[in-house]
Amino acid sequence: MLRWMLLRAAGDERLARWAAASPTVRPVVDRYIAGDTLGAGLKAARGLADAGMAVTLDHVGEYITDASQADEAAQVYREVLSQVAAEDLPAGISVKPTQLGLLLERDRCEKLVADLAQRAADAAVHVTLDMEDHPVTEATVALVEQAHAAGATNVGCAIQAALHRTPDDVRRLTRLGASIRLCKGAYAEPVHVAWQRRVEVDRAYLEAARHLLREADYPRFATHDHRLVAAIKREAAHLGRPRDSYEFQMLFGVRADMQRALVADGYRLCVYVPFGTEWFPYFTRRLAERPANLAFFLRALTSGDQR
Ligand code: FDA
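Residues numbered from 1 in each chain as written. Predicted model: local features only at pLDDT ≥ 70, side-chain atom pairs only at ≥ 80, totals over all residues. Heavy atoms only, no water.

Colleague: How do you make sense of the overall build of the protein when you look at a structure like this?
Modeller: Counting secondary structure elements, the protein contains 13 helices and eight strands. Computed over its C-alpha atoms, the radius of gyration of the protein comes to 18 Å, within 12% of the 19 Å expected for a compact globule of 307 residues. The C-alpha extent of the protein, read off along each of the three principal axes, is 55 × 45 × 40 Å. Scored against the burial criterion, the 307 residues of the protein give a buried share of 55%. Taking as baseline every contact in the protein between residues at least 6 positions apart, the subset at least 24 positions apart corresponds to 73%. Of the roughly 13,900 Å² that the protein leaves accessible, carbon and sulfur atoms contribute 53%. Both charge centroids of the protein, one from 39 positive and one from 40 negative side chains, sit 6 Å from each other. (Helix = DSSP H or I, 4+ residues; strand = E, 2+ residues; numbered from the N terminus. Rg over C-alpha atoms; globule rule 2.2 N^0.38 Å. Buried < 20%, exposed > 50% of the residue type's maximum accessible area, 1.4 Å probe, protein only. Contact = heavy atoms within 4.5 Å. Areas by Shrake-Rupley, 256 points an atom, 1.4 Å probe, with all protein chains shown as cover. Lys, Arg positive; Asp, Glu negative; His and termini not counted. Charge placed at Lys NZ, Arg CZ, Asp CG, Glu CD.)

What follows is the structure, given as structure tokens:
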């Protein structure tokens, strides 16, 4: 219930302004967000690269309300790509389709994805389209298909185990040769489209992971769930898959201990590094993933820490 309330708050402008000004909230934001600027994102990326990790850089922002914001977001990603190439960082980019105007001007969004994909390919960089809530799932998968049809094989997307449609999407994208980032799913989704219980989501995750390990060239497993990580390692070893033929992905600020341990054991690890000022929706999803965070948020809201 609390999780749902928090996820619903993700789009609340008033709460976003309060959180941005709250001295109680800021230290927790700093745990999850590398900083407000591209420079901060790159600094975090360099540190992680020195520790043997790859990164995928996310310029936070979503559900833009003015189509010109799509061009601004794309421009930041162009700068990311040129910096990544200039510094030869082991980095990809993660992009939310609604940040590129998917729901405002679909044509413009498609052109921006195509442009970023081409620039990323020139820099040997992988592009992952983040998966947002279910009204845009089909359009996001279609963007990947369009990119591949145009020769941009460096474009893949996240797929959420929680959704009932996921087994079909996994087969569809694997047949295409598109790289999938498998995650549990961070959104509050209705019962007719998504599994609601943890145990159901975990079971669906494992089934999709097994399929990817059997069929996909380079699957990306985004989870901090140690039971799933252990099961994926076991299954990969059972299938004789080399450790460099798949990767684990984790979020900046989450389970750094497990991140280091995986690298020390010779597994590939990619850290999702968000930066930028529009962090509130991303931040609320991170809070919602952890019950202790919920308590913190409610305490801050009900204390005198309101402006
Ligand atoms: P689970 O929630 O069971 O967490 C396992 C353990 O990890 C917890 O017990 C805790 O120790 C730790 N943990 C997890 N989340 C934490 C948090 N926020 N703070 C502190 N500790 C935490 N979702 C989506 O819908 N679309 C997307 O595109 C993406 N992209 C994406 C990329 C990457 C690299 C990751 C790792 C995740 C995503 N996600 C996502 C989010 C994903 O769907 C999911 O909500 C979170 O990863 C939490 O699920 P876990 O698999 O980690 O398991």
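Colleague: I keep staring at the site of the ligand and nothing clicks. Help me out?
Modeller: Around the ligand, 27 residues are found, and the nearest of them are Tyr 32, Gly 185, Thr 223, His 224 and Glu 289. His 224 is positioned with one of its side-chain polar atoms (N or O) 2.7 Å from an oxygen atom of the ligand. At a separation of 2.9 Å, a nitrogen atom of the ligand approaches a polar backbone atom of Arg 286. Burial of the ligand by the protein chains amounts to 88% of its free accessible area of 930 Å². Taking a 2 Å distance to the grid points as the criterion, the majority of the atoms of the ligand fall inside the largest pocket. Listed by contribution, the elements that provide at least two residues to the shell around the ligand are helix H3 (26-32), strand S4 (155-160), strand S5 (180-183) and strand S7 (247-251). Looking at the shell around the ligand, the element that brings in the most residues is S7, giving three residues. (Near = heavy atom within 4 Å. Polar contact = N/O pair within 3.5 Å; in protein donor to acceptor, adjacent residues only side chain to side chain. 1 Å grid on protein atoms, 1.4 Å probe; cavity = no way out; pocket = protein on both sides within 12 Å on 5 of 7 lines; lining within 4 Å. Sits in = over half its atoms within 2 Å of the grid points.)

Colleague: How do you make sense of the nonpolar core when you look at a structure like this?
Modeller: Side chains of a nonpolar character, in soluble globular proteins, are inclined to be buried together. By size, the foremost hydrophobic cluster in this structure holds 78 residues, and its most contacted members are Leu 57, Leu 100, Ile 159, Phe 221 and Phe 248. Top element by residues in this core is helix H5 (residues 68-87). It accounts for eight residues. Sequence-distant contacts of Leu 57, defined by excluding residues within four places in its chain, comprise Gly 41, Leu 42, Tyr 77, Val 80, Val 84, Ala 91, Gly 92, Ile 93, Ser 94, Val 273 and Phe 275. If you look at the next biggest cluster of nonpolar residues, it comprises 27 residues, including Leu 7, Val 28, Phe 297 and Ala 300. (Core = buried A, V, L, I, M, F, W, Y, C linked by side-chain atoms within 4.5 Å.)

Colleague: What am I meant to see in the environment of Glu 62 here?
Modeller: Looking at the secondary structure, you find Glu 62 in the loop between strand S1 (54-59) and H5. Residue Glu 62 is classed as buried on the basis of its relative accessible area of 18%. The spatial distance from the C-alpha of Glu 62 to the C-alpha of Ala 45 is 22 Å, given a sequence separation of 17 residues. At 2.9 Å, the side chain of Glu 62 and the side chain of Arg 285 are in polar contact.

Colleague: When you look at the side chain of Ser 245 in this model, what are you seeing that I'm missing?
Modeller: With respect to the secondary-structure elements, Ser 245 resides in the loop between helix H10 (226-238) and S7. By relative accessible area, which is 13% here, Ser 245 ends up buried. Those residues in contact with Ser 245 that sit more than four places away from it in its chain are Asp 217, Tyr 218 and Pro 219.

Colleague: Can you help me understand the packing of aromatic side chains in this one?
Modeller: Each aromatic ring pair is described using two quantities: the centre-to-centre distance and the angle formed by the ring planes. Scanning the model with the defined rule gives eight aromatic pairs in all. Ring geometry for Phe 221 and Phe 248: centres 6.4 Å apart, planes at 50°, overall tilted. Taken together, the residues Phe 221 in strand S6 (residues 220-222) and Phe 248 in strand S7 connect sequence positions 27 residues apart. The buried category is assigned to Phe 248, whose relative accessible area is 0%. Put simply, the rings of Tyr 32, Trp 279, Phe 280 and Phe 283 pair up and form one aromatic cluster. (Phe/Tyr/Trp six-rings, centres within 6.5 Å; stacked < 30°, edge-to-face > 60°.)

Colleague: Any chance you could explain the pairing of S1 here in plain terms?
Modeller: A regular strand places its side chains on the two faces of the sheet in alternate fashion. Most of S1 sits inside the fold, with five of its six residues counted as buried. Looking at chain direction, S1 and strand S8 (residues 269-275) are connected through six bridges and run parallel. When the bridges of S8 are listed, His 59 appears paired with Phe 275. Sheet analysis places S1 next to strand S2 (residues 91-95), joined by four bridges and oriented parallel. Counterpart to Asp 58 in the pairing with S2 is Ser 94. Running through H5, the crossover from S1 to the neighbouring parallel element S2 is right-handed. (Pairing = 2+ DSSP bridges. Right-handed = clockwise from strand over helix to strand, strands pointing away.)

Colleague: Please explain the pattern of salt bridges as it appears in this structure.
Modeller: Any two side chains of opposite charge can pair, so long as their charged atoms come close to each other. One pass over the structure, following the stated rule, counts 26 salt bridges. With its nearest N and O atoms 3.8 Å apart, the salt bridge here joins Asp 169 to Arg 172. One end of the pair is Asp 169 and the other is Arg 172, both in helix H8 (residues 166-176) and three residues apart, which spans about a single turn. With its nearest N and O atoms 2.6 Å apart, the salt bridge here joins Arg 286 to Glu 289. Here Arg 286 falls in the buried class, since its relative accessible area comes to 7%. Through salt bridges with shared partners, a single ionic network connects Glu 138, Glu 145, Arg 165, Asp 169 and Arg 172. (Salt bridge = Lys/Arg side-chain N within 4 Å of Asp/Glu carboxyl O.)

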